[in-house]
Amino acid sequence: MDRVERIFRQGGAVLEGHFLLTSGRHSPVYWEKMRVLQQPRLTTRLCRPITYHFRDQGVEVVVGPTLGGVPLAFEVARQLGVRSAYADREGEERTIRGGQLLAPGEKALIIDDILTTGGSLRHMVDAVEKVGARVVGIAVIVDRRLGVDTQFTLGGTPVFATHRSPAPSYPPEKCPLCKASVPLEKLGGKK
Ligand SMILES: [Zn+2]
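This report concerns the structure included in the present document. This is a predicted model, so every value here is computed, not measured. (Residues numbered from 1 in each chain as written. Predicted model: local features only at pLDDT ≥ 70, side-chain atom pairs only at ≥ 80, totals over all residues.)

### Here we look at the overall build of the protein
On a plain count of helices and strands, the protein comes out with six helices and 10 strands. Its C-alpha atoms give the protein a radius of gyration of 17 Å, within 12% of the compact-globule value 16 Å for 191 residues. Expressed as lengths along the three principal axes of its C-alpha atoms, the size of the protein is roughly 55 × 35 × 30 Å. Of the contacts made within the protein by residues no fewer than 6 positions apart, 61% connect residues no fewer than 24 positions apart. (Helix = DSSP H or I, 4+ residues; strand = E, 2+ residues; numbered from the N terminus. Rg over C-alpha atoms; globule rule 2.2 N^0.38 Å. Contact = placed C-beta atoms within 7 Å.)

In C-alpha cells:
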C-alpha cells in the first residue's frame, strides 16, 4: 500500500460503500480528506513530500483554498519556514481577502488536497496572480483524474502530486452497486 493511502486508512478516511461523487458518477470507495486533515500529526506526514519537493525553489508563501487547503498551506509553510495564505470562495472564483499580506512578485506555492478536473486550481492561480504574486509551484495530495497517466500542468506549471489514484467509478446507468440495490450515499464535496 502506498504511504498516502496508509495515512488515509490510519485516519479512518477511506470509506467503502456506494457513493455519489461530485462528478455525478458512482463509486464503491470515497476518501474523506477532512478526517485526515483534522489530525495535525497525519497532516504533517502528508505534507512532508511536498515540502521536500519544493525546498529549494525559493517559495515565500504557501497558498491554499478553503477548506482543505487551509491546514495544508499552514503545515507546508511551517515546514518550509515561510508564510501561508488562504483563498476564499467568491462566486465561482477565489479571492485572498482580509488582512493577509502578499507582496507583488512574491514567490507563491499553491497547494490543494484533491485534483479531479483542475478547475479549482485554475481559480487559485488567478487569485494569486490578482494580488501580483508569482506562482512558482503547484502541489496536490491526491491526483484523482480519470483515464490519464500524465502529469497535469497548468499554464506551463507542472502539478506535483504525492499520490495518483483514480477512484473506481461508474456512470449511474452502468453502476453494479445500483444493480445490486445498495443504497446510494451522498457525501462531502462541493455544493
Ligand atoms: Zn450506483
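### Some points on the environment of Arg 48
Turning to its location among the elements, Arg 48 is positioned in helix 3 (residues 40–54). Residue class for Arg 48 comes out partly exposed when judged on the 14 C-beta atoms lying within 10 Å of it. Separated by 32 residues in the primary sequence, Arg 48 and Leu 80 have C-alpha atoms spaced 9.7 Å apart. (Buried ≥ 20, exposed ≤ 12 C-beta atoms within 10 Å, placed from the backbone.)

### Points about helix 1 (residues 3–10)
Among the residues making up helix 1, those that are buried are Val 4, Ile 7 and Phe 8. Buried residues of helix 1, seen end-on, are gathered within an arc of 100° and therefore sit on one face of the element. For helix 1, the secondary structure elements touched by its buried residues are strand 1 (14–20), strand 2 (26–31), helix 2 (33–37), helix 3, strand 7 (134–143) and strand 9 (157–164). (Arc of directions from axis to C-beta.)

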